[in-house]
Amino acid sequence: MPQIFIVDDSISVRKALEITFKRHSLDSFSAISAEQALETLAGDPHFDLMMADVIMPGMSGLDLCSELRRDARFDGRPIVLMSGNVDDNIRRQAREVGANGVLRKPFSPDELIPMVEGLLRAAEAAAAPEPTQPEPSQPEPVQPQPAAQTGPSELERLVAEYRRRGDVEDLIVVDAQGQIVLPSSDAGAPGAAQRLPMYARHFVATASVIGQHLLGDELQAVTLRYAGREAIFHPVGGLLVIAVTRADLKTLN
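Attention in this report is confined to the structure presented alongside it. None of these values were measured; they are calculated from a predicted model. (Residues numbered from 1 in each chain as written. Predicted model: local features only at pLDDT ≥ 70, side-chain atom pairs only at ≥ 80, totals over all residues. Heavy atoms only, no water.)

## Some points on the sheet that holds strand β3 (residues 49-53)
Heads up, the rule is: Criterion used throughout: strands pair if DSSP finds at least two bridges between them. Secondary structure elements are taken from DSSP: a helix is a run of H or I of four residues or more, a strand is a run of E of two residues or more, and numbering for both begins at the N terminus. Orientation is described by axes fitted as lines to C-alpha atoms, over the contacting stretch for helices, and by angles from 0 to 180 degrees between their N-to-C directions. Only heavy atoms enter the contact rule, under which two residues are in contact if any of them lie within 4.5 Å.
What the 5 strands build is an open sheet, ordered β2-β1-β3-β4-β5; its pairing is parallel. Each having just a single partner strand, β2 (27-31) and β5 (101-104) make up the two edges of the open sheet. In this sheet, neighbouring strand axes are inclined to one another by 25° on average, regardless of whether the strands run parallel or antiparallel. Along the sheet, helix α5 (residues 109-127) contacts β1 (3-7), β3, β4 (79-83) and β5; its crossing angle with β3, the most-contacted strand, is approximately 135°.

## Some points on helix α6 (residues 154-164)
Short version of the rule: Three exposure classes are used, based on accessible area relative to the maximum for each residue type with a 1.4 Å probe and protein chains only: buried under 20%, partly exposed in between, and exposed over 50%. It is the directions from the helix axis to the C-beta atoms that the arc portrays.
Buried residues of α6: Leu158, Val159 and Tyr162, and no others. Axial view of α6: buried residues confined to an arc of 95°, hence all on one face. Relative to its buried face, α6 has exposed residues pointing more than 90 degrees away, namely Arg163 and Arg164. On the buried face of α6, the contacting elements are β6 (168-174), β7 (180-182), β9 (229-236) and β10 (239-246).

Laid out in structure tokens, this is it:
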């Protein structure tokens with residue numbers, strides 16, 4: 001089972017990550033500082049991926065990453081940095097110290113797990129020995145195969161479902177950085193949903209952590225109801241679908 005090393009001075013962040021990783025069959029252990037992490041690795045240098053907070057008392061996550069990149073024992077080990085404030089400067093510094101990515105806190109499992117699993121697969125593939133090349137042989141004739149029929153993705157199905165509903169006033173899809181990747185209309189008129197991305201990802205990430213602690217289950221969707229309107233936040237594969245609907249058609253007609 002892959003071992004994830006969590007380095008963060010916040011106990012709530014460490015616990016939330018441990019719960020999320022356990023639910024996805026990923027083992028984890030943690031340190032409360034970069035200095036403690038280095039002490040741990042001096043005795044047992046094994047981990048498959050590290051997640052380190054950028055801002056910590058003493059040595060920062062950037063310094064820790066730079067230190068590990070100078071140690072041949074950790075060559076090829078993925079390192080993901082975490083920060084509540086991710087901008088171009090943080091991304092540049094992360095690249096300079098050799099980090100594999102930066103995640104903005106708070107984040108949801110839909111953002112975290114695909115990144116972690118992708119980095120683990122890439123590291124495993126890079127460490128695998130090169131396959132031996134078989135002797136060339138006369139290739140057998142290839143029979144043409146019918147093209148595979150692929151259905152719509154989960155995101156496409158969800159967007160189509162909302163568009164079929166008669167009560168949806170506005171619909172957008174937002175990426176992990178809060179950028180709109182699917183506008184609500186061709187004209188791009190600023191609707192209600194288009195003012196929500198800056199708040200939505202933080203709200204959904206918080207709701208996800210609360211659900212895991214209290215209900216022991218992953219977040220499916222979050223609905224906020226106001227006078228005559230609902231805002232529905234639906235995470236799908238690292239993206240976030242936001243739909244604003246009329247909560248009660250009868251009262252509006």
